[in-house]
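# Understanding the architecture of this molecule
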Amino acid sequence: MEQANSAIRVDGARKVYKTVGRSPGRAAVDGVSLEVEQGSIHGLLGPNGAGKTTTLKMLIGLVKPTEGTFKILGEDSTSPKGRRFLGFLPEQPYFPQHITAMQALRFYGQLAGVEKQDIDGRAVELLGKVGLDGTERTELSKFSRGMLQRLGIAQAIIGRPAVVVLDEPASGLDPVGQRDIRNLMLELRESGTTVLLSSHQLSEVEAVCDRVSILNAGKVAAEGHIDELLNISGQTSIRVRGLDELPAAVNALAGDVAVSGSVWVFSVEDSAVRSVVDAVDDAGGAVMSLAPKRESLEDYFARLIASARTGVAS
Amino acid sequence: MSRMLSIARAVIADCVRRRVPYVVVLFAGILAAAIPSLPDYGVGVEPEVFREVALALMYVAALVLSLALAANRLPSEFERRTAYSVLSKQVSRWEYLLGTWLGLSAVVAASVAAFTIVVQAVALISYGDFMWVLWVGTLSIALEMGVIVAVAVAVSTVSGPVVVVVASALILFVGHSRSTLVGGAGATDLSLFYPSLDSFNIMLPVAYGGGVSALMVLSMVMVFVGLSGIALLLGVVLLGKRDL
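Keep in mind it's a predicted model, so treat the numbers as computed, not measured. (Residues numbered from 1 in each chain as written. Chains lettered and ligands numbered in written order. Predicted model: local features only at pLDDT ≥ 70, side-chain atom pairs only at ≥ 80, totals over all residues. Heavy atoms only, no water.)

With that out of the way, let us pick up the overall build of chain A. Within chain A, the secondary structure is distributed over 10 helices and 14 strands. C-alpha extents for chain A along the principal axes are approximately 70 × 55 × 35 Å. Counting the 314 residues in chain A, one finds 47% classified as buried. Of the roughly 14400 Å² of accessible surface on chain A, 48% is carried by carbon and sulfur atoms. For chain A, the distance from the average site of its 34 positive side-chain charges to the average site of its 39 negative ones is 10 Å. (Helix = DSSP H or I, 4+ residues; strand = E, 2+ residues; numbered from the N terminus. Buried < 20%, exposed > 50% of the residue type's maximum accessible area, 1.4 Å probe, protein only. Areas by Shrake-Rupley, 256 points an atom, 1.4 Å probe, with all protein chains shown as cover. Lys, Arg positive; Asp, Glu negative; His and termini not counted. Charge placed at Lys NZ, Arg CZ, Asp CG, Glu CD.)

Turning our eyes to something else, we now look at the nonpolar core. A:Leu151 and B:Tyr96 are the most contacted members of the largest nonpolar core, which totals 141 residues. Not counting residues up to four positions away in its chain, the partners in contact with B:Tyr96 are B:Ile7, B:Leu74, B:Glu77, B:Phe78, B:Ala83, B:Val86, B:Leu87, B:Val91 and B:Leu239. Among the nonpolar cores identified, the runner-up in size contains 15 residues, and A:Ile238, A:Val240, A:Val250 and A:Val268 belong to it. (Core = buried A, V, L, I, M, F, W, Y, C linked by side-chain atoms within 4.5 Å. Contact = heavy atoms within 4.5 Å.)

What follows covers the sheet that holds strand β13 (residues 263-269) of chain A. Residue and element names in this part refer to chain A. Spatially, the four strands line up as an open sheet ordered β12-β13-β11-β14, and their pairing is antiparallel. Each having just a single partner strand, β12 (255-260) and β14 (286-294) make up the two edges of the open sheet. In this sheet, neighbouring strand axes are inclined to one another by 20 degrees on average, regardless of whether the strands run parallel or antiparallel. Judged from the seven bridges that link them, strand β11 (residues 231-241) and β14 form a sheet pairing that is antiparallel. (Pairing = 2+ DSSP bridges. Axes fitted to C-alpha atoms, helices over the stretch in contact; angles between N-to-C directions.)

All names here are of chain B. For the pair helix α6 (residues 93-127) and helix α7 (residues 134-156), the least separation of the axes is 9 Å and the interaxial angle reads 150 degrees. The angle between α6 and α7 falls in the class roughly antiparallel. Where α6 crosses over α7, the two elements pack in a sense that is right-handed. Of the residues in α7, those in contact with Leu 97, Trp 101, Leu 104, Ser 105, Val 108, Ala 109, Val 112, Ala 113, Thr 116, Ile 117, Val 119 and Gln 120 of α6 are Leu 134, Trp 135, Thr 138, Ile 141, Ala 142, Met 145, Gly 146, Val 149, Ala 150 and Val 153. (Parallel < 35°, antiparallel > 145°, perpendicular 65-115°, else oblique. Left-handed = near helix turned anticlockwise from the far one by under 90°.)

It is worth spelling out helix α2 (residues 101-111) of chain A at this point. Turn by turn, an α-helix covers 3.6 residues, leaving residues three or four places apart pointing in a common direction. Along α2(A), eight of the 11 residues are buried, which leaves the element largely enclosed by surrounding structure. On its buried side, α2(A) packs onto α3 (116-129) and α4 (145-157) of chain A together with α1 (2-17) and α5 (82-87) of chain B. A positive backbone phi angle near 85 degrees is found at A:Gly113, which sits one or two residues after α2(A).

Further remarks concern the interface of chain B and chain A. Taken together, the contacts link 26 residues of chain B with 31 residues of chain A. Both sides together, the interface formed by chain B and chain A hides about 2600 Å², and carbon and sulfur atoms give 53% of it. Connecting chain B to chain A are two salt bridges. A salt bridge links A:Glu139 to B:Arg17, with the shortest nitrogen-to-oxygen separation between them at 3.7 Å. Where chain B meets chain A, there are 17 residue pairs in polar contact (both at pLDDT 80 or more). Listing elements by their share of the side of chain B that touches chain A, those giving two or more residues are α1, α5 and α11 (214-241) of chain B. It is α1(B) that provides the largest number of residues to the side of chain B that touches chain A, a total of seven residues. Counted by class, the side of chain B that touches chain A contains seven nonpolar, seven polar and 12 charged residues. (Buried area = accessible area lost by both parts, 1.4 Å probe. Salt bridge = Lys/Arg side-chain N within 4 Å of Asp/Glu carboxyl O. Polar contact = N/O pair within 3.5 Å; in protein donor to acceptor, adjacent residues only side chain to side chain. Nonpolar A, V, L, I, M, F, W, Y, C, P; charged D, E, K, R; others polar.)

Attention shifts here to the packing of aromatic side chains. Counted according to the given criterion, the structure contains six aromatic pairs over all chains. Ring geometry for A:Phe95 versus A:Tyr108: centroids 5.7 Å apart, planes at 70 degrees, classification edge-to-face. Remark: A:Tyr108 occurs in helix α2 and A:Phe95 occurs in the loop between β6 (86-89) and α2; sequence separation between them is 13 residues. The two residues A:Phe95 and A:Tyr108 agree in class, both being buried. On the basis of an interplanar angle of 35 degrees and a centroid distance of 5.1 Å, the ring pair of B:Phe130 and B:Trp132 is categorised as tilted. Owing to a relative accessible area of 56%, B:Trp132 belongs among the exposed residues under this scheme. A connected cluster of aromatic rings, assembled from ring pairs, spans A:Phe95, A:Phe107 and A:Tyr108. (Phe/Tyr/Trp six-rings, centres within 6.5 Å; stacked < 30°, edge-to-face > 60°.)

Considered domain by domain, chain A is made up of domain 1 (6-228) and domain 2 (232-296). Distance from the C-alpha centre of domain 1 of chain A to the C-alpha centre of domain 2 of chain A: 41 Å. (Domains from an automatic or database assignment.)

A surface patch of nonpolar side chains, about 510 Å² in accessible area, is lined by B:Ile117, B:Leu124, B:Phe130, B:Trp132 and B:Trp135. With a relative accessible area of 37%, B:Phe130 lands in the partly exposed category. (Patch = residues over 30% accessible without salt bridge, like charges linked within 9 Å, V, L, I, M, F, W, Y side chains within 5 Å.)

Okay, structure coming up:
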């Protein structure tokens, strides 16, 4: 049964590309199901060829699915009508080179159904929002790769869509641009917009996504809240300062110890936290933070893909 | 409808900014000015020969322009993914295809019209005659190129520019070869079903004053609507089945 607060719902997506001859074809996507809650940022991760882009393309009607249903806010998104709530940024977006940024946004604004009298104001506002102020009259042939990426994001959100699908939004951007895009995604979520983000940049996904789905070989390999996937059960990460060396009682319990100056970071069993904090206190140190121990998304991702290759369940 | 027109306007703006029509008009001016210097000009028939050569040049220029604009329009939009940003919005594939055809056809028609104006200016200077009858030829060429652009756009939904040019040239050849290819009446008379472009053959009546009746104009318009419609329908079906 469909949940009322689903912004995006994909059920049993399957895409088989026909091959030459009598072979049955190659399944690029095989039984992928996704559910994205309204007002959340959902990450779609996977190695090259995992089926991320094909899944996104089926969702927005660019690729014909072999099987499966695709809904955005309850409507079939493979039909034009079902895409009226959608904004999409393709990977490495290109535009006709001989038009200006303003003309491009006017065009996409018209297609997105923005009222004629509002288009220019909205275009100027968006160019400012994506860091392209003052480029209204600049021809796109003079835009850098990063500027085209920013314009792509502007065209995706010009119609104030309730759902935005971003395919590698930080591609081609410098660190400042990547930060701007992260902030923009958080701003969109703040305003109630749902974001489905496909990215290779795990740090970006880790920084903004509420939930992630990891695709591998055309199937969903893992799905869940980022904390559920990354938190290591039963372990706490502790950061202390003011010690030249760890007390012996702590040393005996601590694992993954790292030190930088007088700041120590290590992990212990949850049951040992109380005694470790007391030992640090007795030795004159200060506990800076206590947090559930977390695996980096990079490590988790690599482990998941490796276990899938060897056929060992993680 | 408004989305289709938006796409058509964008296609026109892109073509204008590429300066393609300007090249055609410049080409027209040079050629039209050179026509009176042709060696086979006969005494007493200069204006007629001028009209015939002008229409022939107009036809060739329009054909080159049509294929240059239409053969790679959709393939490059798919390859460079500019189509993704359009088709991911509330735009049907048929709106995208028809908008593209409409825009390209309008550019070709406007270029042919501009060519005609240049030819008229040369005619006025050379013969003191505006030769308004040339506009019937202009209409005929624009409509025939509308059909060719429709064929090119339809074929380009599933193939690259080389195949598009070959297919369009083939249609053009077949379209003007009804009498040769399907023969006479009787059991073998297939002419009713033949995709003939012969209705657009009005160069001689326009050039030599045989007259172009309203029925001939109506016939051109009907062939334009029918053949363009069939080609575009085929294009919509092919594009609808295609993965982008």
